[in-house]
Amino acid sequence: LGTRWTRGLAATNKLAIGGPFIRGHVIVVGNLNEGVLTVDGVDVLQDVPSVFRTDGLGTLIYNDEGDLPDAAAGVWQKRVVHMHLPMGVRVTVYRWKSYIDFRIKMPAQPDQDGACGNVNSDLSDDTTEAVQARVGAQVAPNELLFARRTAPSISHAEEKLIAMCEPETFARAKRHCPSQLRGAHIDNQNRACILNICSGSNRHALRFVEGLGL
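Quantities reported herein were computed from a predicted structural model and do not represent experimental measurements.

**A look at the overall build of the chain**
Turning to step 1, where the next piece is worked out: Per the secondary structure count, the chain includes five helices and nine strands.
Turning to step 2, where the next piece is worked out: Taken from the N to the C terminus, the helices and strands of the chain come in the order β-β-β-β-β-β-β-β-β-α-α-α-α-α.
Turning to step 3, where the next piece is worked out: Every one of the 214 residues in the chain was classed for burial, and the buried ones make up 36%.
Turning to step 4, where the next piece is worked out: Long-range contacts, defined as pairs at least 24 residues apart, comprise 50% of the intrachain contacts of the chain with a sequence gap of at least 6.
Turning to step 5, where the next piece is worked out: When the accessible area of the chain is evaluated, it comes to approximately 12,700 Å², of which 50% is carbon and sulfur surface.

Here you go:
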């Protein structure tokens, strides 16, 4: 979802982790304004610092330590969740007032795939369209870890980015997206998919739209 600090461009507000590798547990970490920090729907890590452990999950540590993924956030007080999970998975979540940053480190796993690619050392099949063709444009309804799916909104800056999309890319996205959206479509879901294909390879979209004066 977009925020006023990112000129309406997408920012991560909440992260959910689950699956067989943590024995069906579900960890949810939200931004500070939302205040969500739960394991299986139960509040954890309510103090700084604090530690949470349980069988099959690993260790979660909450403190004010960690190397920032974005140095610009250094002006704010840090609130950081460190997850030491099974199979060598390490997740660090930096909680800010209106969004979160996070870093995931893990060894390659069999059949691994998703937004970060499939770890086969071939960048050509890590494009937005290639990934969506393999796993879909959205999380399947039966795989959703959040309590509900939030309908995406399209900001003024995002509409401008869609309008600037190369005609050939835009036409390809319009053909591609409907077939990759699983389940009943919700408002703006198709346009969000088109935006992802048109601008998903831009490594710093906020800097790009600021340069355009949007």
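**Brief notes about helix H4 (residues 189-199)**
Turning to step 1, where the next piece is worked out: Of all the residues in H4, the buried ones are Gln189, Cys193, Ile194, Leu195, Ile197, Cys198 and Ser199.
Turning to step 2, where the next piece is worked out: In this structure, the buried side of H4 is in contact with helix H1 (128-135), helix H2 (156-163) and helix H3 (167-180).

**So, the pattern of salt bridges**
Turning to step 1, where the next piece is worked out: Counted according to the given criterion, the structure contains three salt bridges.
Turning to step 2, where the next piece is worked out: Between lysine 14 and glutamate 34 there is a salt bridge whose closest N-O contact spans 3.6 Å. Of this pair, lysine 14 sits in strand E1 (residues 14-18) while glutamate 34 sits in the loop between strand E2 (26-30) and strand E3 (37-39), placing them 20 residues apart in sequence.
Turning to step 3, where the next piece is worked out: You can call glutamate 34 partly exposed: its relative accessible area is 40%.
Turning to step 4, where the next piece is worked out: The closest approach of N and O atoms between arginine 134 and aspartate 113, which form a salt bridge, is 2.5 Å. With arginine 134 in helix H1 and aspartate 113 in the loop between strand E9 (100-105) and H1, this pair connects stretches of sequence that are 21 residues apart.

**Considering the pairing of strand E7 (residues 80-84)**
Turning to step 1, where the next piece is worked out: In terms of residue burial, E7 counts as a mostly covered element, since four of its five residues are buried.
Turning to step 2, where the next piece is worked out: In terms of strand pairing, strand E6 (residues 58-63) meets E7 through five bridges, oriented antiparallel. Of the residues in E7, the one forming a bridge with isoleucine 61 is histidine 82.
Turning to step 3, where the next piece is worked out: Alignment of E7 against strand E8 (residues 90-95), held across five bridges, turns out to be antiparallel. Following the sheet pairing, valine 80 is matched in E8 by tyrosine 94.
Turning to step 4, where the next piece is worked out: Joining the antiparallel neighbours E7 and E8 is a turn of five residues, in which methionine 87 adopts a positive phi near 65°.

**Some remarks on the packing of H2 against H4**
Turning to step 1, where the next piece is worked out: The contact between H2 and H4 brings their axes to 9 Å, and the two run at 60°. Taken together, the axes of H2 and H4 are oblique relative to one another. Note on packing geometry: the crossing formed by H2 with H4 is left-handed. Each of Glu158, Glu159, Leu161 and Ile162 in H2 lies in contact with H4, whose residues at this interface are Arg191, Ile194, Leu195 and Ser199.

Reading the values: rules and limits
- Residues numbered from 1 in each chain as written.
- Predicted model: local features only at pLDDT ≥ 70, side-chain atom pairs only at ≥ 80, totals over all residues.
- Heavy atoms only, no water.
- Helix = DSSP H or I, 4+ residues; strand = E, 2+ residues; numbered from the N terminus.
- Buried < 20%, exposed > 50% of the residue type's maximum accessible area, 1.4 Å probe, protein only.
- Contact = heavy atoms within 4.5 Å.
- Areas by Shrake-Rupley, 256 points an atom, 1.4 Å probe, with all protein chains shown as cover.
- Salt bridge = Lys/Arg side-chain N within 4 Å of Asp/Glu carboxyl O.
- Pairing = 2+ DSSP bridges.
- Axes fitted to C-alpha atoms, helices over the stretch in contact; angles between N-to-C directions.
- Parallel < 35°, antiparallel > 145°, perpendicular 65-115°, else oblique.
- Left-handed = near helix turned anticlockwise from the far one by under 90°.

That's the geometry; what it means functionally is another story.
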